[in-house]
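# Architecture at a glance
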Amino acid sequence: MEAELLGPAEDLKGKDVLEIGAGAAQCSRWLAAQGARPVALDLSHRQLQHALRIGGGVPLVEADAGALPFADGSFDLVCSAYGAMPFVADPVLVLREVRRVLRAGGRFVFSVTHPVRWAFPDEPGPEGLSVSGSYFDRTPYVEQDDEGNAVYVEHHRTIGDRVRDVVAGGFRLVDLVEPEWPAWNTSEWGGWSPLRGNLIPGTAILVCERD
Ligand SMILES: C[S@@+](CC[C@H](N)C(=O)[O-])C[C@H]1O[C@@H](n2cnc3c(N)ncnc32)[C@H](O)[C@@H]1O
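The sections below set out a description of the structure shown in this document. (Residues numbered from 1 in each chain as written. Predicted model: local features only at pLDDT ≥ 70, side-chain atom pairs only at ≥ 80, totals over all residues. Heavy atoms only, no water.)

### Structural notes on the sheet that holds strand S4 (residues 75-81)
What counts is decided by this rule: Whether two strands pair depends on DSSP finding at least two bridges between them. Secondary structure elements are defined from DSSP: runs of H or I of at least 4 residues count as helices, runs of E of at least 2 residues count as strands, and each element is numbered from the N terminus. Axes, fitted as lines to C-alpha atoms, cover a helix only where it is in contact. Angles between the N-to-C directions of the axes lie from 0 to 180 degrees. The contact criterion used throughout is that any non-hydrogen atoms of two residues lie within 4.5 Å.
Read from one edge to the other, the open sheet built from seven strands follows the order S3-S2-S1-S4-S5-S9-S8, with strand pairing classed as mixed. With partners counted over all chains shown, the strands left at the sheet margins are strand S3 (60-62) and strand S8 (171-177), one partner each. Strand-to-strand, the axes of this sheet are offset by a mean angle of 20°, without reference to chain direction. Alignment of strand S1 (residues 16-20) against S4, held across three bridges, turns out to be parallel. Bridge pairing in S4 links Glu19 to Cys79. Along the sheet, helix H3 (residues 91-101) contacts S1, S4, strand S5 (102-113), S8 and strand S9 (203-210); its crossing angle with S5, the most-contacted strand, is approximately 145°. Where helix H4 (residues 159-168) meets the sheet, it contacts S5, S8 and S9, and its direction lies at approximately 145° from that of S8.

Given below as structure tokens:
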């Protein structure tokens, strides 16, 4: 939002914007407040129920980012904050779908956990600063329930993989933003902390343009 990677806030007015992996649709509500016409899409019924409870009048769509239920050229912009892209085995499929629903010259801006974090334990303290695995190991992280069903799956791509995916999906990569930890943020949660944030990047944002 502050970085204006979707363009200056005043230019968002009247734009058709799709948010994929929207969760509770917080980005879409911000976009609506700027005068844009967002649609919030998520695979999870529960997440969309949460969005519905919060309100805001944003249209909500339950669908897979790999099979978008929209006509070609429906949107000026597509965005995603940690949504869908880290969780799909075939990110190029999603990129091709996003390209299809974008109008010529449209942007897709998406964030993922910075790939370098894959090599470190997800701990906020000093133990989160020592390499514990290979950055190059693409074996997905899987959590299972008591019956052995996968309940959470995250796929790792290196930075190079992400760049190649974007190009294979039919986009031009115009920026790769690695936001620095803001000095005002003294909070710790999960693997996030000022200690780690000041030393290694936490997020990678890819800014892609449809040719
Ligand atoms: C880490 S959450 C991020 C939610 C929100 N964007 C945010 O910033 O809080 C990831 C979201 O992506 C959704 N998701 C995962 N795979 C998806 C897919 N293939 N298609 C659409 N949404 C997906 C999940 O249901 C979840 O709501």
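### Re the environment of Val131
Summarising the element assignment, Val131 is placed in the loop between S5 and strand S6 (141-144). Residues Val131 and Phe120, spaced 11 residues apart in sequence, show a C-alpha to C-alpha distance of 4.8 Å. Discounting residues that sit within four places of it in the chain, Val131 has contacts with Ala119 and Phe120.

### A short note on the packing of aromatic side chains
In plain terms, the rule: For Phe, Tyr and Trp, where Trp contributes only its six-membered ring, two rings pair if their centres lie within 6.5 Å, and the inter-plane angle classes them as stacked under 30 degrees, edge-to-face over 60, or tilted in between. Exposure is judged per residue with a 1.4 Å probe applied to protein chains only, and the accessible area is read against the type maximum: over 50% gives exposed, under 20% gives buried, and values in between give partly exposed. Distance and angle both matter: a charge sits over a ring if NZ of Lys or CZ of Arg is within 6 Å of the ring centre and within 35 degrees of the ring normal.
Per the counting criterion, the structure on display carries eight aromatic pairs. Both rings, one in Trp189 and one in Trp192, keep their centres 6.1 Å apart while their planes meet at 10°; by these two values the pair is stacked. Overall, the relative accessible area of 43% leaves Trp189 in the partly exposed class. An aromatic cluster of at least three residues, connected via ring pairs, comprises Phe87, Tyr141 and Tyr152. A cation over a ring is seen here: Arg117 above Trp192, with NZ or CZ 4.8 Å from the ring centre.

### Brief notes about the pairing of strand S7 (residues 150-154)
Where S6 lies against S7, four bridges are found, and the strand directions are antiparallel. Paired with Tyr141 across the bridge in S7 is Glu154. Where S6 folds back on S7, the antiparallel hairpin that results is connected by five residues, among which Gly148 adopts a positive phi of roughly 85°.

### Section: unusual backbone geometry
The phi dihedral of Ala25 falls on the positive side, at around 70°, and the residue is not glycine. For Ala25, the position within the fold is in the loop between S1 and helix H1 (26-33).

### Regarding the nonpolar core
The criterion, for reference: Buried Ala, Val, Leu, Ile, Met, Phe, Trp, Tyr and Cys residues that are joined via side-chain atoms within 4.5 Å together make up what is termed a nonpolar core.
Of all hydrophobic cores here, the largest spans 27 residues; its most connected members are Leu18, Ile20, Phe70, Val78, Val98, Phe108 and Phe110. Among the secondary structure elements, those contributing two or more residues to this core are S1, strand S2 (37-42), S4, H3, S5 and S9. Discounting residues that sit within four places of it in the chain, Val78 has contacts with Leu6, Leu18, Ile20, Val98, Val101, Leu102, Arg107, Phe108 and Val109. Membership of the second largest hydrophobic core comes to 12 residues, among which are Val17, Cys79, Val109 and Val177.

### Remarks on the packing of H3 against H4
Two numbers describe a pair of packed helices, the interaxial angle and the distance between the axes. Test applied: Should an angle fall under 35 degrees it is taken as roughly parallel, and over 145 as roughly antiparallel, whereas 65 to 115 is taken as roughly perpendicular and any remaining angle as oblique. Rotating anticlockwise by less than a right angle from the far helix to the near helix defines a left-handed crossing, while the corresponding clockwise rotation defines a right-handed one. Residues are grouped as follows: Ala, Val, Leu, Ile, Met, Phe, Trp, Tyr, Cys and Pro are nonpolar; Asp, Glu, Lys and Arg are charged; all remaining types, including Gly, are polar.
Remark: H3 packs on H4, axes separated minimally by 8 Å, with the N-to-C direction vectors making an angle of 40°. Here H3 lies oblique to H4, going by the angle between them. The way H3 lies across H4 gives a crossing that is right-handed. Of H4, the residues touching H3 (which contributes Pro91, Val92, Leu95 and Arg96) are Arg162, Asp165, Val166 and Ala168. Of the residues belonging to the contact of H3 with H4, the class tally is five nonpolar, no polar and three charged.

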